[in-house]
Amino acid sequence: MKRRFLAASLTVFLALAAMGITGGSVLKAEAAQTFERVDFISGVVIANELNMRTGPSTKHSIIQVLKKNKWVNVLSKIGDWYVVYDPDTDKVGCVARQYLMDGETFKKQMDSGTPATPKPPAATPAPSPSVPKTTGELSPEEQQLLTLINNERAKGGLPALQADMELMRVARTKANDMVQNNYFSHYSPTYGSPFDMMRQFGISFKAAAENIAGNSTIQGAVSAWMNSSGHKANIMNASYNYTGIGIARSNKYGYVFVQMFIKK
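The shown structure was predicted, so the numbers you read here are calculated from the model rather than taken from an experiment.

## Digging into the overall build of the protein
Consideration 1: When helices and strands are counted, the protein shows six helices and twelve strands.
Consideration 2: Out of the 264 residues belonging to the protein, those deemed buried represent 51%.
Consideration 3: By sequence separation, contacts in the protein at least 24 residues apart represent 66% of the contacts at least 6 residues apart.
Consideration 4: Counting every atom, the protein has about 12,200 Å² of accessible surface; 49% of that belongs to carbon and sulfur.

This is how it looks when you write it as structure tokens:
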């Protein structure tokens, strides 16, 4: 029986080499630039038209043009640019910060007398009551995956990732959400982007990333990640020191795997 596997990676750090939700676009950044956390989730375009580009400068090509009052999810900041996700087109890109307003500030201005606020994308509802209970222990499957990942890091002379139990809760929830809602994407119809989701669960981070996979075995998932440059870069990133792992049974793949990485 042929094994089925699928994998995708999403990262926000010194460089975004490949993002599984770009719809074919590749977002790159110069190594000297750093992606920083932002304190809000949604933003609104305040220019008549705003170019979404493949990187944080006007030298990068335009992915699409966002219209005034368009709501987007804000993933991170890099210099004078925001990295944003448009759930309507399933694309990620960079926009100039001066033309995007914090969604909460925008709503307050609208409530003070300006015309009605455009409805934001339904990307970040509160976590559902069916969130898996967090225990102080990893399951045998989760421990096996963590051991395999740390073995790969050890080969590169990197310290082992530590399991963060609150991040474990997030990753477990994401894996179950993918199976229950029959999707394979970094962007959840329930929780939004991985970064939105982490914030909803109260996770603090300086940098973050996510790998996902569909595979019949744990070893197969790790091998698929290590054979992909984007996934391997997340696993072998020395800056990440904590991880969360979620594994859910899937009729389609055998198992769905979610591994989240953070730097505290």
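## Here's the deal with the side chain of N150
Consideration 1: Here N150 is to be found in helix α2 (residues 140–155).
Consideration 2: The class for N150 is buried, based on a relative accessible area of 14%.
Consideration 3: Beyond its immediate stretch of four places on either side in the chain, N150 contacts A160 and L161.

## Topic: the packing of α2 against helix α5 (residues 218–226)
Consideration 1: Orientation of α2 relative to α5, taken along the N-to-C sense of each, is 30 degrees, at an axis distance of 10 Å. Like other packed secondary-structure pairs, α2 and α5 cross with a definite hand, here right-handed. From α2, E141, Q144, L145, L148, I149 and E152 reach across to α5, where they touch I218, Q219, V222, W225 and M226.
Consideration 2: Partitioning the contact of α2 with α5 into residue classes produces seven nonpolar, two polar and two charged.

## Some details on the nonpolar core
Consideration 1: Counting residues in each nonpolar core, the largest one holds 31 residues, and the members touching the most others are M198, I203 and M260.
Consideration 2: Listed by contribution, the elements that provide at least two residues to this core are β5 (71–78), β6 (81–86), β7 (91–96), α3 (165–180), α4 (194–200), β10 (207–215) and β12 (254–263).
Consideration 3: No other element matches the five residues that α3 contributes to this core.
Consideration 4: Of all hydrophobic cores here, the second largest spans 20 residues; its members include A209, I218, V222 and F261.

## A word on unusual backbone geometry
Trans peptide bonds make up most of the peptide bonds, and negative phi angles are found at most residues other than glycine.
Consideration 1: If you check the backbone angles, N69 has positive phi at about 70 degrees while not being a glycine.
Consideration 2: Note on placement: N69 falls in the loop between β4 (62–67) and β5.
Consideration 3: The class for N69 is partly exposed, based on a relative accessible area of 33%.
Consideration 4: For N182, which is not a glycine, the phi torsion comes out positive at approximately 55 degrees.
Consideration 5: Note on placement: N182 falls in the loop between α3 and α4.
Consideration 6: Residue N182 is classed as exposed on the basis of its relative accessible area, which comes to 65%.

The rules behind the values
- Residues numbered from 1 in each chain as written.
- Predicted model: local features only at pLDDT ≥ 70, side-chain atom pairs only at ≥ 80, totals over all residues.
- Heavy atoms only, no water.
- Helix = DSSP H or I, 4+ residues; strand = E, 2+ residues; numbered from the N terminus.
- Buried < 20%, exposed > 50% of the residue type's maximum accessible area, 1.4 Å probe, protein only.
- Contact = heavy atoms within 4.5 Å.
- Areas by Shrake-Rupley, 256 points an atom, 1.4 Å probe, with all protein chains shown as cover.
- Axes fitted to C-alpha atoms, helices over the stretch in contact; angles between N-to-C directions.
- Left-handed = near helix turned anticlockwise from the far one by under 90°.
- Nonpolar A, V, L, I, M, F, W, Y, C, P; charged D, E, K, R; others polar.
- Core = buried A, V, L, I, M, F, W, Y, C linked by side-chain atoms within 4.5 Å.

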